[in-house]
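# Structural description and commentary
Here is what each chain is made of, one letter per residue.
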Amino acid sequence: MHLIDFIVFIVFTLGVVVFGCSFFKKGSSADEFTSAGHSIPGWVVGMSIFATYVSSISYIGYPGKAFAADWNAFVFSLSIPIASYFAAKYFVPFYRHSGSVSAYTFLEEKFGAWARIYASACYLLTQIARMGSILYLLAVPMYILMGWDMHSVIILTSIGIIIYSMMGGLKAVIWADAIQGLILIGGALLCLGILMFSMPEGPMQTFELAANAPMGNKFSLGAFTDDLTTSTFWVCLIYGIFINLQNYGIDQNYVQRYHAAKTDKDAKFSALFGGYLFIPVSALFFLIGSALYSYYAAGVAPLPEHIAAKPDYVFPYFIVNGLPVGLRGLLIASIFAAGMSTVSTSVTSAATIILTDYVRPLFHKIRRSGGTEARGNEEKHRRLELAIVRLSSFGVGLLGACVAIAMLSVESIIDAWWTLSSIFSGGMLGLFLLGCIPQQINRAAAVIGCLGGILVIGWISLADMWNLPGPHLHPYLAIVLGTCVIFLVGFCVTFLLKVKPRQS
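What counts, and at which threshold
- Residues numbered from 1 in each chain as written.
- Predicted model: local features only at pLDDT ≥ 70, side-chain atom pairs only at ≥ 80, totals over all residues.
- Heavy atoms only, no water.
- Helix = DSSP H or I, 4+ residues; strand = E, 2+ residues; numbered from the N terminus.
- Rg over C-alpha atoms; globule rule 2.2 N^0.38 Å.
- Buried < 20%, exposed > 50% of the residue type's maximum accessible area, 1.4 Å probe, protein only.
- Arc of directions from axis to C-beta.
- Contact = heavy atoms within 4.5 Å.
- Core = buried A, V, L, I, M, F, W, Y, C linked by side-chain atoms within 4.5 Å.
- Phe/Tyr/Trp six-rings, centres within 6.5 Å; stacked < 30°, edge-to-face > 60°.
- Lys NZ or Arg CZ within 6 Å of the ring centre and 35° of its normal.
- Patch = residues over 30% accessible without salt bridge, like charges linked within 9 Å, V, L, I, M, F, W, Y side chains within 5 Å.
- Areas by Shrake-Rupley, 256 points an atom, 1.4 Å probe, with all protein chains shown as cover.
- Salt bridge = Lys/Arg side-chain N within 4 Å of Asp/Glu carboxyl O.
- Axes fitted to C-alpha atoms, helices over the stretch in contact; angles between N-to-C directions.
- Parallel < 35°, antiparallel > 145°, perpendicular 65-115°, else oblique.
- Left-handed = near helix turned anticlockwise from the far one by under 90°.
- Nonpolar A, V, L, I, M, F, W, Y, C, P; charged D, E, K, R; others polar.
- Polar contact = N/O pair within 3.5 Å; in protein donor to acceptor, adjacent residues only side chain to side chain.

Another aspect to go through is the overall build of the chain. Along the chain, the regular secondary structure elements total 21 helices and zero strands. Compactness check: the chain gives a C-alpha radius of gyration of 23 Å against a globular reference of 23 Å for 504 residues, within 12% of the reference. Along the first, second and third principal axes, the C-alpha set of the chain runs to 80 × 65 × 40 Å. The 504 residues of the chain split such that 56% are buried.

Shown next, in the form of structure tokens:
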């Protein structure tokens, strides 16, 4: 790595940490830490939502997918407008007036404390898996670029992210996300331009070679068949609709940002802006993957076999060997921007859930049982809550680093992450939809529905692995069937419990 590249990368990375720490405010409260004082402009919140979507999973995983296969995974992005519309129209007003920064307080009000604990536990597992996936992808380019030990890169990166997340809270995370989002778009555009204009016969050769690849059209969105065992167009689209409705409707990352916006109008704009911006940018990353295929197929530069066998390594390898001095540092910095923004979001939101859904209920019980003495020192209680949410940030970040180290042997991070998110989400969306319908759902029916959903998710996820008799569906469909089973079973059992036996 040239000294200039190294300086660009280090200045950017340390600059983000220092910028985040600059939001540290002495005498702050846990509520300000978790909701940014409801003071962020709508466009900044929207950029933060966008940057949360465009993690290093997108920055490295999407080009890797397009290089090795096609644009099938882009179908996921096409489902986002549906979720963004519902978010702006229904989810944002609902959460802005709910009175709680937690996305899961609503479930407790509807079905009891078990529902809040179930949903929040699923969320925490999902976020830890996501942090692990992203931290792994942050380590890949540094391993290829400089031969640095990936374990060390994961640990050091985690420390930097944890520090500014703990110091600045959600306000630091959102503003840092907005800046990182702009940098990562600029870096990706520069990279695509260099790839396409390096082709021997000009930019159009990129499309010709990719469209006529021996293994099939690189721009294909997948087969339009009814096969539910492979990643067809319809499997990806259905998966995307369900996972994005869950993201916008019950994911703490998004709900927390709705609260951070200044006004309801700003919050609605942020939901639409962040989602719609992701569509062209994700297309940009897939186009980079197709351009990488054409670049190496045209013989512009050699591609070692061990790199070609690991698609997630191809884009970082090009950055190292195909970009001029200075741009390499910028591209590595933009990859770090994508990853750091998403990991810091997960750290802050997970810490918020630990406080609001686990610690505060325990505190309320203690204070109710302790009488006036336990209720007396509000200032001490406020400081204790702030210390807990910061310690939770540290603990969650540490767990994410451990998962990242465990993922070092994964072949395709996109497949691994989508499968894990489908499993760990636990069909939370089904429980949320049960709570939203006008029909009053019996609490016991909701419990039965959740148990049924968990069994279905486990069945789909493990059928192939353990050679069990079963549906043998694509793992992406675990969230789809889990959600449907929870909703339908909960609704039907409620109806059956209301039917009175006929008098003889």
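Before going further, it helps to spend a moment on helix 10 (residues 204-211). Listed in full, the buried residues belonging to helix 10 are Q205, T206 and A210. End-on view of helix 10: buried residues confined to an arc of 125°, all on one side of the axis. The elements touched by buried residues of helix 10 are helix 9 (150-197) and helix 13 (264-297).

Turning next to the nonpolar core. With 143 residues, the main nonpolar core has Y248 and Y258 as its most contacted residues. With 17 residues, helix 8 (residues 113-146) is the single largest residue contributor to this core. In contact with Y258, other than residues within four places in its own chain, are A87, F91, V92, Y95, R96, Y248, A267 and A271. Counting residues in each nonpolar core, the second largest holds nine residues, with A351, L355, V359 and I388 among its members.

A complete count under the given rule lists 27 aromatic pairs for this structure. The interplanar angle of 35° and the centroid separation of 6.5 Å between the aromatic rings of Y95 and Y258 together place this pair among those described as tilted. In this pair, Y95 sits in helix 6 (residues 80-96) while Y258 sits in helix 12 (residues 252-260), placing the two residues 163 residues apart along the sequence. Note on Y258: relative accessible area 0%, which makes it buried. Through pairs of rings, three or more aromatic residues link up here, namely Y62, W71, F74, F207, F219 and F286. Positioned over the ring face of Y293 is K218, at 4.7 Å from the centre of the ring.

When you line up the elements, T206 lands in helix 10. Under the relative-accessibility criterion, T206 is labelled buried at 0%. Aside from chain neighbours lying at most four places away, what touches T206 is M196, M199, A291 and S294.

A contiguous nonpolar surface patch, about 530 Å² in accessible area, is contributed by F24, I155, L156, I159, I163 and M167. Tracing the chain through its elements places F24 in the loop between helix 1 (3-21) and helix 2 (30-35).

All right, on to the packing of helix 11 (residues 233-250) against helix 21 (residues 478-498) then. A pair of packed helices is characterised by two quantities: the angle between their axes and the separation of those axes. Two numbers describe how helix 11 lies on helix 21: the axes approach to 8 Å, and their chain directions differ by 60°. Here helix 11 is positioned oblique relative to helix 21, judged by the angle of their axes. Viewed along their axes, helix 11 and helix 21 form a crossing whose handedness is left-handed. Counting all contacts with helix 11, which are made through I238, Y239, F242, I243 and Q246, the residues of helix 21 involved are I479, V480, T483 and C484. Tallied by class, the residues present in the contact of helix 11 with helix 21 amount to seven nonpolar, two polar and no charged.

Evaluation of the coordinates by the stated rule reveals five salt bridges. For D177, the salt bridge is made with R257, and the minimal N-O distance between the two is 3.0 Å. Separated by 80 residues along the polypeptide, D177 in helix 9 and R257 in helix 12 bring together distant segments of the chain. In this structure, R360 and E385 form a salt bridge, with 2.9 Å as the shortest nitrogen-oxygen distance. A residue pair is termed long-range when its members are at least 10 positions apart, and R360 in helix 16 (residues 327-376) and E385 in helix 17 (residues 378-406) qualify at 25 residues. By the burial criterion, R360 is buried, and E385 matches it.

Turning our eyes to something else, we now look at the environment of D251. Position of D251 relative to the elements: it lies in the loop between helix 11 and helix 12. Taking the C-alpha atoms as reference points, D251 and V300, separated by 49 residues in sequence, lie 44 Å from one another. For D251, the residues in contact, after removing those within four places along its chain, are Y104, Y123, Q127 and Q246.

Here we come to the packing of helix 11 against helix 19 (residues 428-436). Taken N-terminus to C-terminus, the directions of helix 11 and helix 19 make an angle of 60°; their axes are 10 Å apart at the nearest point. With respect to their mutual orientation, helix 11 and helix 19 come out oblique. When you trace helix 11 past helix 19, the crossing you get is left-handed. Residue-level inspection shows F242, L245, Q246, G249 and I250 of helix 11 in contact with helix 19, the latter providing M428, L429 and F432.

Checked against the element boundaries, T356 lands in helix 16. Side-chain polar atoms of T356 contact the side chain of D357, separated by 2.7 Å. Excluding its chain neighbours within four sequence positions, the residues that come into contact with T356 are V101, S102 and P361.

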